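This is what each chain is made of:
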Amino acid sequence: MREFLKSVNRIVVKIGTSSLIHPSGKINFSGIDQLAFVLTDLRNQGKEIILVTSGAIGVGMDKLKIPERPQEIPVQQAVAAVGQLELMNIYNQRFLVYSQQTAQVLLTRDVVDFPQSRTNVINTLEQMISMGIIPVINENDTVAIDELEHTRKFGDNDELSAIVAQLMNADLLIMLSDIDGFYSDNPSKNKHAILYSTISTINQTLMEQAGGEGSRFGTGGMVSKLKAAQRVLAADSAMVLANGKPPRIIFDILDGVEVGTLFKGEQHE
């Protein structure tokens, strides 16, 4: 069923805030280091890797010693600006340990919605990949204003990662979260919840099973992951949702091991 995963070449990896930040609110350095190791090793194997990262606000909250996610948009954007700088410093440091060059790319929805700027984004990312660079993509939270100008905002990085996978014709989107995959119910509340191994069609029943919001440090929940999967399925591609603690699970995914939930396009039947 998952044999095709062994041969995928262009991979978008999305790492959620919950995999970058400990429940205490402190930065998960060991997780980030392991992510850098895994992605560099895949790059050394000849894979084409794009990283979509969350965590700017979570890292900013830690840096500024803010215990709860702020509600005011200007405060969120200020915290995100602080966190984005720190997050990229950490990524740069950890990837360079393995001699892997990275580059920061900040996007807003209007950039990918307009044909000329979309072409520029694709060309830039293609050039980075051809140079052996791993692009590290995040939403430009300091200018993406949700309430005031919704057209600029992706909503969360789950959707952003799916859009990047679509733009770049990726073979696979690996979405790393704090849950083992997609369940029929919340597994922390219902011990009889069933983990779906494979999902081919996303319907209203699945949307209702998805439940609510993500962690207090991030914005994503299961609904946003299903919406991302819808976009991937519509592009006849594939996505795996798995637990990003630890990031080494990426090796298992690409070995075809039955971990997480596979959302597969029809050509992967």
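Computed from a predicted model, the values in this text were never measured in an experiment.

Trainee: So what exactly am I meant to see when it comes to the overall build of the protein chain here?
Mentor: When its secondary structure is counted, the protein chain shows ten helices and eight strands. Considering the protein chain as a whole, with its 269 residues, one finds that 54% of them fall into the buried category. Pairs at least 24 apart in sequence give 73% of the contacts found in the protein chain among residues at least 6 apart. Summing over all exposed atoms, the protein chain offers an accessible surface of approximately 12,100 Å²; the carbon and sulfur share of this is 50%.

Trainee: I'm lost on the packing of helix 3 (residues 56–63) against helix 4 (residues 73–97) in this one. Help?
Mentor: In a packed pair of helices, the relevant descriptors are the angle between the two axes and the axis-to-axis distance. The geometry of helix 3 relative to helix 4 is characterised by a closest axis approach of 7 Å and an angle of 90° between their N-to-C directions. Taken as axis vectors, helix 3 and helix 4 run roughly perpendicular relative to one another. Contacts between helix 3 and helix 4 involve A56, I57, V59, G60, M61 and K63 from the first element and Q76, V79, A80, V82, G83, Q84, E86 and L87 from the second. Of the residues that constitute the contact of helix 3 with helix 4, the class distribution is eight nonpolar, four polar and two charged.

Trainee: Any chance you could explain the UniProt feature "binding site: substrate" (unreviewed entry) in the protein chain here in plain terms?
Mentor: What UniProt calls "binding site: substrate" (unreviewed entry) maps, in this numbering, to S54, D141 and N157. Locating N157 in the fold gives a position in helix 7 (residues 157–167). Ignoring sequence-local partners within four residues, the contact set of N157 consists of K14, V52, T53, S54, N138 and E139. A polar side-chain atom of N157 sits 3.2 Å from the main-chain carbonyl oxygen of T53.

Trainee: Just checking my understanding: could you explain the pairing of strand 7 (residues 238–243) for this structure?
Mentor: Within a regular beta strand, the side chains point alternately toward one face of the sheet and then the other, so they alternate between its two faces. Most of strand 7 is tucked away: six of the six residues are buried. In strand 7, alternate side chains face the same way, and those of A238, V240 and A242 on one face and M239, L241 and N243 on the other are all buried. Sheet analysis places strand 5 (residues 172–177) next to strand 7, joined by five bridges and oriented parallel. Note on strand 7: the bridge partner recorded for I174 is V240. One ladder, built from four bridges, connects strand 7 with strand 8 (residues 261–264); its direction is antiparallel. Opposite L241, over in strand 8, you have T261 as the bridge partner.

Trainee: It is not clear to me how the nonpolar core should be interpreted in this structure. Could you clarify?
Mentor: Generally speaking, a soluble globular protein has its nonpolar side chains buried in company with each other. Of all hydrophobic cores here, the largest spans 41 residues; its most connected members are I137, V164, F182 and F263. The next biggest cluster of nonpolar side chains, apart from the first, holds 38 residues, and it includes L5, I32, L87 and A238.

Trainee: Sorry if this is basic, but what is going on with the pattern of salt bridges here?
Mentor: A side chain with one charge can pair with a side chain of the opposite charge if their charged atoms come near. This structure, assessed with the given rule, holds ten salt bridges. When the shortest N-O distance is used, the salt bridge between R10 and E48 registers 2.7 Å. One end of the pair, R10, is in strand 1 (residues 10–15); the other, E48, is in strand 2 (residues 48–53), and 38 residues separate them in sequence. Three or more residues joined by partner-sharing salt bridges are found here, namely R10, E48 and E126.

Conventions adopted
Residue positions are given per chain, counted from 1 along the sequence in the order it is written. Given that this is a predicted model, residues contribute local features only at a pLDDT of at least 70 and side-chain atom pairs are listed and counted only at 80 or more, while totals for whole chains, interfaces and linings are drawn from all residues. The side-chain quantities take in all heavy atoms of the structure and omit both hydrogens and water. Runs of H or I in DSSP of at least four residues are treated as helices and runs of E of at least two as strands, each being numbered from the N terminus. Residue burial is assigned from relative accessible area. The probe radius is 1.4 Å, only protein chains are included, and a residue is buried under 20% of its type maximum, exposed over 50%, and partly exposed in between. By definition in these notes, contact holds between two residues if any of their heavy atoms fall within 4.5 Å. Here, Shrake-Rupley sampling with a 1.4 Å probe gives the accessible areas, and only protein chains in the shown set may cover a residue. Between the N-to-C directions of two axes lies an angle of 0 to 180 degrees, each axis being a line fitted to C-alpha atoms and, for a helix, fitted only over the stretch in contact. Small angles under 35 degrees read as roughly parallel and large ones over 145 as roughly antiparallel, with 65 to 115 read as roughly perpendicular and the rest as oblique. Amino acids outside the nonpolar list (Ala, Val, Leu, Ile, Met, Phe, Trp, Tyr, Cys, Pro) and the charged list (Asp, Glu, Lys, Arg) are all regarded as polar, and Gly is one of them. UniProt positions are given in the numbering used here, feature names are shortened, and annotations may be inferred rather than shown by experiment. Under the rule applied, a polar contact is a pair of N or O atoms within 3.5 Å (in protein, one hydrogen donor and one hydrogen acceptor; residues adjacent in sequence only if both atoms are side-chain atoms). Strands qualify as paired when DSSP identifies two bridges or more between them. The nonpolar core is taken to be a set of buried Ala, Val, Leu, Ile, Met, Phe, Trp, Tyr and Cys residues, with the residues joined through side-chain atoms within 4.5 Å. Any Lys or Arg side-chain nitrogen found within 4 Å of a carboxyl oxygen on Asp or Glu counts as a salt bridge.

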